[in-house]
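Structure assessment
In case you want the letters, here they are:
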Amino acid sequence: MSLSDQEIRRRAEREELLRMGINPYPAEPFEVNVSTENILRYYEQRKTDYKDVRLAGRLMSRRIMGSASFAEIQDATGRIQIYVQRDEICPGEDKSLYNTVFKKLLDIGDIIGIKGYVFTTQTGEITVHVTSLKLLSKSLHPLPIVKETKDAEGHVVTYDAFADPEQRYRQRYVDLLVNPKVKETFRKRTQLVNSMRNFLNEKGYMEVETPILQPLYGGAAARPFKTYHNTLDMTLYLRIANELYLKRLIVGGFEGVFEFAKDFRNEGMSRFHNPEFTQMELYVAYKDYNWMMELVEEMIEKIALDLHGTTEVKVGNHMIDFQRPWKRFTMFEAIQHYTNIDISEMSEEALRETCRQLNVPINNTMGKGKLIDEIFGELCEPYLIQPTFITDYPVEMSPLAKKHRSKEGLVERFEAICNGKEICNAFSELNDPLDQRERFEEQLKLGKRGDEEAMVLDEDFLRALEYGMPPTAGLGIGIDRLAMIMTNSPSIQDVLFFPQMKPEVRQKESSDQELIDRGIRPELIPILQQLGVVSIEQLTAASPSKLHNDICGMRKKMKLKDVQNPTKEEVEAWIKG
């Protein structure tokens, strides 16, 4: 493992702390009695309450000034300035805690615990006067330092931001530390889930759990992840949906059940798709899809109010209003509205020809339902920005939905579309076991044609229906996509703490001799390493002008006065080889 100069130095500091008898990772608890946010919000109104505070957080900046210093620490709620005076934290003869530990052996990113009292500096900044200081965790890897200044108009300007999406998603722990707005996104997501859960609890529905490992995958059109159980000697699948198990509970006599479920689909990835995702599914007996539409409107309107205090939410360039009632189209009405073509009476072959005329991508495995779905997805869905219900889908698209009570060839189903994407799916649930068997058998035929997302036939679920399932309304809401909208996040990765990523490609480092053979003077190699240029491949991909400027700047920053800067021609020669 190649270490940077900073990493080497921090490891040496750790060893020095141990030699001094200071454990850089103490086991005993440090009792905190106040947060940064609490101090900054209430100190001016209740100054006497802050005479004895205990805070813990990460050291984020320091200004060493002889026998006294200012610094900033950051806890889970924000940052606050601290004032550290040598004789205060070292009341006896031994001043090493300040002179050696604080000034020389602590670094940005180290976690410390402090005791003290709050005061206001002459410049008006609320500050903690430290009377006791303890190292709680030594940071061996330097944090990326994000600097903020204000321009002439008073706007905040950020420098050296930890902004590369791949780095942010791979190292979410760093992202959360240096980009405070990211924490707010995830707080809002938790608020969203809590709002939804409270809404359903108040309605009297019961939260339940169903299996993640299933002998058959079902409840959606999707390709599953497959695994194997050694003891049972059987293949199992990670669930693609929890629908069929929740319906079994309705058969068993529960009249309203819901689950926040982790589901898994072995499909493509995009800014709207992650192979592991969260959805909430709800099933309520003796209701239908019309009733469920009203519940969805009520619930999501309440979520918007709980999160933002208003039904209007800014999403990208759009202001989306979740106030009831929402606009409604049938599936065929929406397609006719956006294409000027009525497909309601078309055969499969006519639909295939229509797709070709409309330049909608299709393949030979697609049946009638998939063809209609492709037309809608390509030519209608992206234009539905305000929350809109799309209702009454063709029967071929919905193997688990009840046939429409008055429209031949359709089912009682709706999806809510918002900001150009589906956020929920709901049915009047199919409870006729013989009809359900026929639908499953049609899915098997599609599977034989090559449709990898076709459903399988679940005999136990059919047996459950044969005992009798009451008329039921069912709903699935994608929590991740709803969180994207409610937090104005452009990608699903922004609302998942740890999104799935391709394996990290480790940069192969070139040896010092390989760099010297390239014409680089040995004394310049540490500067290149500090800039993160550690291989010939990185070198050849670099811009000569930028690399030259970066080397000159880093040499000055590292205070290497005896090292001569390279010329621009030298750098160009390294890159060309």
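In case you missed it, the structure is sitting above this.
My aim in this report is to walk through the structure given alongside it, one point at a time. (Residues numbered from 1 in each chain as written. Predicted model: local features only at pLDDT ≥ 70, side-chain atom pairs only at ≥ 80, totals over all residues. Heavy atoms only, no water.)

1. Regarding the overall build of the protein
Our working rule: Each helix is a run of H or I in the DSSP string that is no shorter than four residues. Each strand is a run of E no shorter than two, and both are numbered from the N terminus. Here's how the labels work: a residue is buried when its accessible area is under 20% of the maximum for its type, exposed when over 50%, partly exposed in between, all with a 1.4 Å probe on protein chains only. Accessible surface is estimated by sampling points in the Shrake-Rupley manner with a 1.4 Å probe; for residues, cover comes only from the protein chains shown. In this tally, Lys and Arg are treated as positive and Asp and Glu as negative; His is ignored, and so are the chain termini. Lysine's charge is taken at NZ, arginine's at CZ, aspartate's at CG and glutamate's at CD.
Of the regular secondary structure elements, the protein holds 20 helices and 20 strands. Projecting the C-alpha coordinates of the protein onto the three principal axes gives extents of approximately 90 × 70 × 60 Å. For the protein, buried positions account for 46% of its 577 residues. Carbon and sulfur atoms form 49% of the exposed surface of the protein, whose accessible area is close to 29400 Å². For the protein, the separation between the mean place of its 77 positive charges and that of its 90 negative charges on side chains is 6 Å.

2. A few points about the sheet that holds strand S20 (residues 472-478)
The following threshold applies: Each pair of strands is called paired provided DSSP finds at least two bridges between the two strands. Should any heavy atoms of two residues lie within 4.5 Å, those residues are considered in contact. In this analysis, axes come from line fits to C-alpha atoms, helices being fitted only over the stretch in contact, and the angle between any two N-to-C directions falls in the range 0 to 180 degrees.
Reading across from one edge, S8-S12-S13-S20-S19-S18-S17-S16 is the order of the eight strands in this open sheet, with mixed pairing throughout. Each edge of the open sheet carries a strand with a single partner, namely strand S8 (206-207) and strand S16 (327-330). Of the strands in this sheet, S16, strand S17 (388-394) and strand S18 (410-418) are in contact with helix H10 (residues 331-339), which crosses S16 at around 95°.

3. Quick look at the packing of aromatic side chains
Geometrically, a pair of aromatic rings is defined through the distance of the ring centres and the angle of the planes. Where we set the bar: Ring pairs shown here join Phe, Tyr and Trp side chains whose ring centres sit within 6.5 Å, with only the six-membered ring taken for Trp; geometry is labelled stacked below 30 degrees between planes, edge-to-face above 60, and tilted in between. We call a charge positioned above a ring when the Lys NZ or Arg CZ atom is no farther than 6 Å from the ring centre and deviates by at most 35 degrees from the ring normal.
Considering all chains together, one arrives at 13 aromatic pairs under this definition. When the ring of Phe258 is compared with that of Phe260, the centres are 6.1 Å apart and the planes differ by 85°; the resulting orientation is edge-to-face. Phe260 shares its class with Phe258; the two are buried. Between Tyr338 and Tyr383, the aromatic rings sit 5.8 Å apart at their centres with planes inclined by 20°, giving stacked as the arrangement. One end of the pair, Tyr338, is in helix H10; the other, Tyr383, is in the loop between helix H12 (368-379) and S17, and 45 residues separate them in sequence. Here a set of aromatic residues connected by ring pairs shows up, and it is made of Phe322, Trp326, Phe389 and Phe414. If you follow Arg46 out to its NZ or CZ, it ends over the ring of Tyr42, 4.8 Å from the centre. When the ring centre of Phe30 is taken as origin, the NZ or CZ atom of Arg54, which lies over that ring, is 4.8 Å away.

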